[in-house]
Amino acid sequence: MRVETCKLLIIGGGPGGYVCGIRAGQLGIDTILVEEDTPGGTCLTVGCIPSKALIHAAEEFHKLRGFAGGTSPLGISAKAPAIDLAATLSWKDGIVERLTRGVAGLLKKAGTRILAGRAEFVDGKTVRVRGPEGVREVHAEAVVIATGSAPVELPFLPFDGKVIGSTEALALDAVPERLVVVGGGYIGLEIGTAFAKLGSQVTVVEATNRILPQYDAALTKPVLASLKALGVTVMIDTRALGLSDDGLQVGRGEDGAEPLDLPADRILVTVGRRPRSDGAGIPDLGLTMDGGFIRIDATCRTSMRGVFAIGDVTGEPMLAHRAMAQGEMVAEIVAGHRRQWDARCIPAVCFTDPEIVTCGLSPEEAKAQGIAIRTGQFPFAANGRAMTMQAESGFVRAVAREDNNILLGLQAVGAGVSELSAAFSTAIEMGARLDDIGAVIHAHPTQSEAVQEACLAALGKALHI
Ligand code: FAD
Ligand code: NAD
């Protein structure tokens with residue numbers, strides 16, 4: 001068997017692993033990255049990027065359908081549009097291919113070797129890789145576990161063709177006439193909204209008493225209103241029970257006592273993702289775990305010396321940018337730099353219609369921590385740019401300490417607000433106060449003026465409301 005040695009071995013080439021590999025290579029660390037599928041991982045191949053491509057195509061189609069009604073206040077009318085889903089998906093696949101090829105190129109440019117194959121631990125410093133070039137053993141001084149996550153499958157609704165997960169939903173050969181989505185979280189609502197805009201009759205079945213339970217109700221209210229306007233049926237306090245003759249059987253109410261059949265051509269199950277910590281010989285290492293997640297400290301070290309873990313396999317929030325930041329940090333630690341996780345906030349964006357963006361603490365979270373706060377809110381209904389874009393739904397909210405006005409959180413819901421996330425995290429990371437943001441000249445007319453106004457509102461000094 002061929003045996004290789006390196007200083008750093010990374011298992012998994014998703015955003016966590018590949019960023020770690022690029023930075024390690026740039027820092028001159030002799031690095032091998034093992035990937036059993038395509039470099040880029042869930043994010044680039046079946047996650048963030050393909051889902052946003054589908055969301056964009058659906059939005060464009062939906063817009064044209066609106067014009068075809070002939071009732072647009074903009075005075076635009078158009079013929080009823082058609083969609084060739086195969087062409088849409090081939091455009092999406094082209095983006096995925098460009099990005100995944102780009103990642104492989106960046107790793108190569110940094111001098112990091114990519115080993116194609118499935119890695120399995122022999123011991124904490126040795127990994128066996130089974131791939132197209134046979135079996136190899138790699139010995140490393142440090143190992144990074146970046147194996148990511150996989151969709152949770154409900155035992156009574158296994159993925160089988162009619163019952164699908166997000167990966168299959170992003171590669172369907174036709175727009176389903178009736179789509180039932182089980183789970184009203186990130187994926188269910190992002191992809192469910194896209195299919196509603198493409199013409200599916202969508203029903204969302206959510207077990208808790210509201211959609212997107214990870215966000216506060218004020219932020220999700222405009223999303224719920226938009227789902228209703230799109231004709232999406234949202235069933236809260238409802239659980240999937242199993243397949244019925246022509247769709248899904250659900251149970252309504254807290255104890256699921258009210259059974260109901262929902263006819264469906266496809267059933268999309270999006271009830272969360274599970275860490276991939278159960279394979280690759282990881283259980284035999286005996287690492288300290290938090291449930292299925294690998295426990296890490298502020299330097300992403302696990303309980304075993306020389307073994308790091310990053311990304312979805314280490315816990316919430318399971319977001320690509322968290323994985324990337326961890327990957328970069330670990331490479332620098334292995335290079336001998338003094339680094340530790342000290343981020344004040346990890347922004348989160350939900351690409352629903354309208355979009356939601358949160359950064360730092362919500363008012364409830366701040367209060368739960370016993371912090372006295374002041375808050376300010378500015379509605380897009382009072383923002384000129386939002387009016388010119390027919391995007392008046394939603395608001396920006398600022399949360400700051402009452403004693404010194406330092407920003408603790410910024411949140412928004414509205415069209416395209418994902419692009420405000422950088423302003424939000426920059427302000428919070430830099431320790432800005434309400435008056436700092438209030439004093440910054442924000443270009444007019446832009447939606448970002450609502451950020452300045454929300455901060456001024458918290459000081460009782462808003463200008464345009
Ligand atoms: P992954 O991206 O899962 O990569 C892990 C890699 O490890 C995979 O390529 C896998 O093949 C490889 N691997 C696993 N085991 C082995 C082994 N034994 N040997 C070799 N290789 C192995 N996040 C956002 O921040 N924004 C979004 O908009 C967003 N949208 C999403 C939409 C969808 C539909 C989904 C499913 C997820 C989305 N996410 C989003 C989440 C995001 O994709 C993940 O948080 C991110 O990919 C995690 O990165 P990772 O490196 O930890 O793992
Ligand atoms: P999620 O945790 O966002 O949502 C799952 C939903 O399913 C929850 O609302 C939960 O209450 C509900 N649920 C659970 N069991 C159920 C059942 N039996 N019947 C009905 N409802 C049930 O999970 P997800 O949507 O699968 O996404 C997984 C992860 O992927 C997210 O947590 C996030 O970290 C990541 N992601 C991020 C983005 C983004 O950043 N824009 C987009 C997609 C995915």
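Preceding this paragraph is the structure being described.
Note that the structure is predicted; figures quoted are calculated from it, not measured.

Undergrad: Account for the side chain of threonine 352, naming residues and giving values.
TA: Within the element layout of this structure, threonine 352 appears in the loop between strand 20 (348-350) and strand 21 (355-360). Note on threonine 352: relative accessible area 6%, which makes it buried. Excluding residues within four positions of it along the chain, threonine 352 makes contact with Leu189, Glu190, Leu212 and Val223.

Undergrad: Lay out the sheet that holds strand 10 (residues 201-205) in plain terms, naming residues and giving numbers.
TA: Within a beta sheet, neighbouring strands are joined by backbone hydrogen bonds and run either parallel or antiparallel to one another. Pairing is parallel in the open sheet, where 5 strands are placed in the order 8-15-9-10-11. Looking at the sheet topology across the chains shown, the edges are occupied by strand 8 (163-164) and strand 11 (233-235). With 3 bridges connecting them, strand 10 and strand 11 associate as parallel partners. Paired with valine 204 across the bridge in strand 11 is valine 234. Seen against the sheet, helix 6 (residues 186-198) touches strand 9 (178-182), strand 10 and strand 15 (266-269) and runs at an angle of roughly 165° to strand 10.

Undergrad: Residue-level account of the site of ligand 1, with values.
TA: Taken together, 38 residues form the shell around ligand 1, and within it Glu35, Thr42, Lys52, Asp312 and Ala320 come nearest. Between lysine 52 and ligand 1, the recorded distance is 2.7 Å, taken from a side-chain N or O atom to an oxygen atom. Separating a nitrogen atom of ligand 1 from a backbone N or O atom of alanine 119 is a distance of 2.9 Å. Considered on its own, ligand 1 offers 1,000 Å² of accessible surface; in the complex 94% of this is hidden by protein. Contributing elements (two or more residues each) for the shell around ligand 1: helix 1 (15-26), strand 2 (31-35), helix 2 (41-46), helix 3 (48-68), strand 4 (118-123) and helix 9 (320-334).

Undergrad: Describe in detail the sheet that holds strand 22 (residues 373-379), supporting the description with residues and values.
TA: If you trace the 5 strands from one edge of the open sheet to the other, you get 20-21-24-23-22, paired in antiparallel fashion. Looking at the sheet topology across the chains shown, the edges are occupied by strand 20 and strand 22. Looking at each pair of strands side by side, their axes are set apart by 10° on average, direction ignored. In terms of strand pairing, strand 22 meets strand 23 (residues 395-401) through 7 bridges, oriented antiparallel. In the strand pairing of strand 23, arginine 374 is matched with alanine 400. Its contacts with the sheet place helix 7 (residues 217-229) against strand 21, strand 23 and strand 24 (407-414), and it is angled at close to 10° to strand 24. In the packing of helix 14 (residues 449-458) onto the sheet, the strands contacted are strand 22, strand 23 and strand 24, and the crossing angle to strand 22 comes to about 140°.

Undergrad: Any details on the layout of surface pockets? Residues and values, ideally.
TA: In this structure, the second largest pocket encloses a volume near 1,200 Å³. Residue lining of the second largest pocket: 33 residues in total, with Glu59, Lys63, Lys197, Asp353 and Ala415 positioned closest to the centre. Those elements that provide at least two residues to the lining of the second largest pocket are helix 3, helix 6 and helix 7. A per-element tally of the lining of the second largest pocket places helix 3 first, with 10 residues. A per-class count over the lining of the second largest pocket returns 13 nonpolar, 12 polar and 8 charged.

What counts, and at which threshold
Residues numbered from 1 in each chain as written. Chains lettered and ligands numbered in written order. Predicted model: local features only at pLDDT ≥ 70, side-chain atom pairs only at ≥ 80, totals over all residues. Heavy atoms only, no water. Helix = DSSP H or I, 4+ residues; strand = E, 2+ residues; numbered from the N terminus. Buried < 20%, exposed > 50% of the residue type's maximum accessible area, 1.4 Å probe, protein only. Contact = heavy atoms within 4.5 Å. Pairing = 2+ DSSP bridges. Axes fitted to C-alpha atoms, helices over the stretch in contact; angles between N-to-C directions. Near = heavy atom within 4 Å. Polar contact = N/O pair within 3.5 Å; in protein donor to acceptor, adjacent residues only side chain to side chain. Areas by Shrake-Rupley, 256 points an atom, 1.4 Å probe, with all protein chains shown as cover. 1 Å grid on protein atoms, 1.4 Å probe; cavity = no way out; pocket = protein on both sides within 12 Å on 5 of 7 lines; lining within 4 Å. Points joined across faces, edges and corners; volume = space filled by probe spheres on them. Nonpolar A, V, L, I, M, F, W, Y, C, P; charged D, E, K, R; others polar.

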